[in-house]
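# Per-entry structural report
Read off the chains here:
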Amino acid sequence: MLLLYILCAVIAFGLYWWYKKPDKFPPGPKGLPLLGVLPYLSAFPEREFSAWSKKYGPILSVSMGWQDWIVLSDYDVIIETLVKHSDEFHERPYVRFFCMLTSNGVVFTPGGQKWRSHRRFGVGAIRSFGGSKGVMEKKINEEALHFTQQLQELEGKPFQIQDILTNAVSNVFCNIAFGRRYDYDDAKFQSLIESLVALFKIAGNWKTNAMMFVPFLCDIPPFSWHVQKSMESIQPIRDMITDLYEEHKSTYDPKDIRDIMDGYLQSFQCDENEFMLKDIQDFFIDMFVAGTDTAASTLRWGLLCIMLHVGVQERMQEEIDNIIGRYGTPSLSDREKMPYCCAVVHEVFRFKTLAALSLPRCVHKDVTVRGYFIPKGTRVMTNLWHVHNDDTYWTKPELFAPERHLNENGKFTNSRHVMPFGAGARVCMGEQLARAESWLFLITIIQRFRISVDPDDPDPPSLSRGSNGLVYIPDAYNMIIHSR
Ligand code: HEM
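For the chain, an unreviewed UniProt entry supplies the name Cytochrome P450 2J6-like and the organism Phallusia mammillata. Here the chain is described in UniProt, under the heading Cofactor (unreviewed entry), as follows: "heme".

## With respect to helix α11 (residues 223-251)
Taking 1.5 Å per residue, 29 residues should reach 42 Å; α11 reaches 43 Å between its end C-alpha atoms and fits that length. Along its length, α11 reaches its greatest deviation from straightness, about 30°, at Gln235, and the proline Pro236 lies no more than four positions downstream.

## A word on the sheet that holds strand β6 (residues 379-382)
What holds strands together in a sheet is hydrogen bonding between their backbones, with the strands either parallel or antiparallel. Spatially, β1-β2-β6-β3 is the arrangement adopted by the 4 strands of the open sheet, whose pairing is mixed. On the outer flanks of this sheet lie β1 (59-64) and β3 (361-362), each paired with one strand and no other. Of the pairings in the sheet, the one linking β1 to strand β2 (residues 67-72) comprises 6 bridges and is antiparallel in character. Counterpart to Ile59 in the pairing with β2 is Leu72. Across the sheet, helix α2 (residues 45-56) lies against β1, β2 and β6, angled at about 130° from β1, the strand it touches most.

## Regarding the packing of helix α10 (residues 206-213) against α11
Interhelical geometry of α10 versus α11 gives an angle of 110° and a closest axis separation of 10 Å. Relative to α11, the element α10 lies roughly perpendicular. Between α10 and α11, the contacting residues are Trp206, Lys207, Thr208, Ala210 and Met211 on the first element and Phe223, His226 and Val227 on the second.

## Description of the packing of aromatic side chains
Counting across every chain of the model gives 21 aromatic pairs. Summarising the aromatic geometry, the rings of Phe147 and Phe441 are spaced 5.4 Å apart at their centres and angled 45° between planes, so their arrangement reads as tilted. Here the residue Phe147 occupies a position in helix α7 (residues 135-153), and Phe441 occupies one in helix α17 (residues 431-448), the gap between them amounting to 294 residues. What makes Phe147 buried here is its relative accessible area of 0%. For Phe441, a relative accessible area of 1% translates into the label buried. Each ring, one from Tyr182 and one from Phe189, has its centre 5.6 Å from the other, and the planes form 15°; the classification is stacked. Each member of the pair, Tyr182 as well as Phe189, carries the same accessibility label: buried. Taken together, the ring pairs in this structure connect Phe121, Phe173, Phe178, Tyr264, Phe268, Phe283, Phe284 and Phe288 into an aromatic cluster.

## Observations regarding unusual backbone geometry
Going from Pro221 to Pro222, the amide bond is cis rather than trans, its omega being 0°. Relative to the elements of secondary structure, Pro222 occurs in the loop between α10 and α11. The backbone of Leu34 shows a phi angle near 70°, a positive value even though the residue is not glycine. Assignment of secondary structure puts Leu34 in the loop between α1 (2-19) and α2. Its identity as a non-glycine residue notwithstanding, Lys396 has a phi of 45°, on the positive side. On the secondary structure map, Lys396 appears in the loop between α16 (384-389) and α17.

## Side note on the site of the ligand
Close to the ligand lie 27 residues, the nearest being Trp115, Arg119, Arg361, Arg426 and Cys428. The separation between an oxygen atom of the ligand and a polar side-chain atom of Arg119 is 2.7 Å. Between the ligand and the protein, one listed contact pairs an oxygen atom with a side-chain N or O atom of Arg426 at 2.9 Å. Secondary structure elements with two or more residues in the shell around the ligand: α6 (112-131), α13 (274-308) and α17. For the shell around the ligand, the element with the most residues is α13, which contributes 6 residues. Across the shell around the ligand, the residue classes tally to 17 nonpolar, 6 polar and 4 charged.

## Describing the nonpolar core
Residues Val62, Phe147, Phe284 and Ile451 are the most contacted members of the largest nonpolar core, which totals 123 residues. Looking at which element gives the most residues to this core, the answer is α13, with 16 residues. What Val62 contacts, discounting residues up to four positions off in sequence, is Pro29, Val37, Phe49, Trp52, Gln67, Asp68, Trp69, Val71 and Met381. Counting 19 residues, the second largest nonpolar core, distinct from the first, contains Tyr75, Phe89, Ile374 and Val387.

## Focus: a nonpolar patch on the surface
A surface patch of nonpolar side chains, about 1,000 Å² in accessible area, is lined by Met1, Leu2, Leu3, Leu4, Tyr5, Ile6, Leu7, Val10 and Ile11. Positionally, Leu3 belongs in helix α1.

## So, the UniProt feature "binding site: heme" (unreviewed entry) in the chain
Per the UniProt annotation, the sites labelled "binding site: heme" (unreviewed entry) are Cys428. Assignment of secondary structure puts Cys428 in the loop between α16 and α17.

## Structural notes on the pattern of salt bridges
In the structure shown here, the tally under the stated rule is 19 salt bridges. With its nearest N and O atoms 2.9 Å apart, the salt bridge here joins Glu80 to Arg370. A residue pair is termed long-range when its members are at least 10 positions apart, and Glu80 in helix α3 (residues 75-84) and Arg370 in the loop between β4 (367-369) and β5 (372-374) qualify at 290 residues. A residue is classified by how much of its surface remains accessible, and Glu80, at 22% relative accessible area, is partly exposed. Each of Glu143, Arg181 and Asp183 takes part in one network of salt bridges that share partners.

## Some thoughts on the pairing of strand β7 (residues 449-452)
Residues in a regular strand point their side chains to alternate faces of the sheet. Burial along β7 is one-sided: the residues Phe449 and Ile451 are buried and none of Arg450 and Ser452 is. Relative to strand β10 (residues 480-483), β7 runs antiparallel, the two sharing 4 bridges. Bridging from a neighbouring strand, Phe449 pairs with Ser483 of β10.

## Some thoughts on the state of the cysteines
Counted by the stated rule, this structure contains 0 disulfides. Left without a disulfide partner, Cys174 is nearest to the cysteine sulfur of Cys428, which lies 18 Å away. Given the relative accessible area of 0%, Cys174 is considered buried. With no disulfide partner, Cys305 has as its closest neighbouring cysteine sulfur the one in Cys341, 14 Å distant.

Conventions we followed
- Residues numbered from 1 in each chain as written.
- Predicted model: local features only at pLDDT ≥ 70, side-chain atom pairs only at ≥ 80, totals over all residues.
- Heavy atoms only, no water.
- UniProt positions renumbered as here; feature names shortened; annotations may be inferred.
- Helix = DSSP H or I, 4+ residues; strand = E, 2+ residues; numbered from the N terminus.
- Expected span 1.5 Å × (residues − 1).
- Bend = angle between axes of the 7 residues up to and from the residue.
- Pairing = 2+ DSSP bridges.
- Contact = heavy atoms within 4.5 Å.
- Axes fitted to C-alpha atoms, helices over the stretch in contact; angles between N-to-C directions.
- Parallel < 35°, antiparallel > 145°, perpendicular 65-115°, else oblique.
- Phe/Tyr/Trp six-rings, centres within 6.5 Å; stacked < 30°, edge-to-face > 60°.
- Buried < 20%, exposed > 50% of the residue type's maximum accessible area, 1.4 Å probe, protein only.
- Near = heavy atom within 4 Å.
- Polar contact = N/O pair within 3.5 Å; in protein donor to acceptor, adjacent residues only side chain to side chain.
- Nonpolar A, V, L, I, M, F, W, Y, C, P; charged D, E, K, R; others polar.
- Core = buried A, V, L, I, M, F, W, Y, C linked by side-chain atoms within 4.5 Å.
- Patch = residues over 30% accessible without salt bridge, like charges linked within 9 Å, V, L, I, M, F, W, Y side chains within 5 Å.
- Areas by Shrake-Rupley, 256 points an atom, 1.4 Å probe, with all protein chains shown as cover.
- Salt bridge = Lys/Arg side-chain N within 4 Å of Asp/Glu carboxyl O.
- Disulfide = S-S within 2.5 Å.

This is how it looks when you write it as structure tokens:
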């Protein structure tokens, strides 16, 4: 009998401990002991969080396994936390698995001096090699030319555009970062692409998700094998970056900074030090991983939306023909004169939120927001999908409707409630590059080709088929192109 009492007391204490939260902690669904809300989440957790935010408010709390998280669900709250309280909200949580892959880069580096100096350098480098001098635009257009030549060879036959887009987007980054582009069948380039594709698969794998919430799994098979495989997948990228670093070091001239790698050598005064080489590798790996699947998947969603909305495609082509002509080279400055095409690209960003829950943050020191107390160490999700589907801003958000971004005079209205790149101190570093690639690649394809569904496809593409890993990617689909 005594044993039963003790057991009941232990269970009662366990439940009290589990469900006890600090005073004024944001409200949220209770969840189950040990598992929290994990059993209630679908493959699209942003949707459950969005539904809960209607009940509990724009700052809600959830237990994900053993960890306490808060979910930010409304535009104003996101700005108030990530931007106005940037000091408290700028860190990423320490995720052991990701830090085993790249600990000294940018994306998953929790915070601190290494992240700060890499971030400052990266933002400045993309700006100087990208924006102001027009180098980025030139390099994207150069790639678009190779890319359209490849497409021409596929004219009239059903094909999947996925690999070509991954090649093109990675090559743009190689060109900006290392001053060179590769032929798509180059062995080194193919090895880079294979590693990147393997890493995207790893990022979307359920074992990766499990290790995020239960870190000690990293040491237990089959999870430890997954860690080992991931480290092996990344090695060819490390080797390639080491070779490029050696090449750059031997031809480096401080008076002629040719690309981001040269800029890195200049900013960090690199020496023979092993530790420094790991920093360089981690920085460029992070940029590749953050910049490839994101930009390529946005283009794939964009092409799918345009292909399935024939009226949108025709209206884009009319505007392109009027402003750029059939054979002119698209430019970023055309955006000012092409409101409809701007609206289409903006709507793609809204309609298919690529990073639905952005990347996680972690509260760096105790903070109170809107009367809620959020203690240091609490993890944070930003529900960008909710902002993009919030019916207080959008009428029928479930529809793809570029016109919603045009005013009554047909002018493009750049709504701040479209925020695919996040906000605050860790806002996407590649936003400028991603916007330029989305514009120049999409416009070039629609200018040159009519894209359509294969009428004989037994499995026609659909806008509702995609999978959620680190980013939301469309399922593979066939398309047919015809030169215009
Ligand atoms: C359409 C394409 C892209 C989308 C939708 C996207 C979205 C995002 C989002 C939501 C974040 C997290 C922001 C936050 O925590 O608030 C992020 C971070 C980041 N992105 Fe992007 N991104 C894209 C393309 C790129 C490109 C092309 C690059 C670079 C080549 C890049 C580099 C990064 C880096 C380095 C970070 C981490 C920044 C940090 O932690 O300080 N992204 N991105």
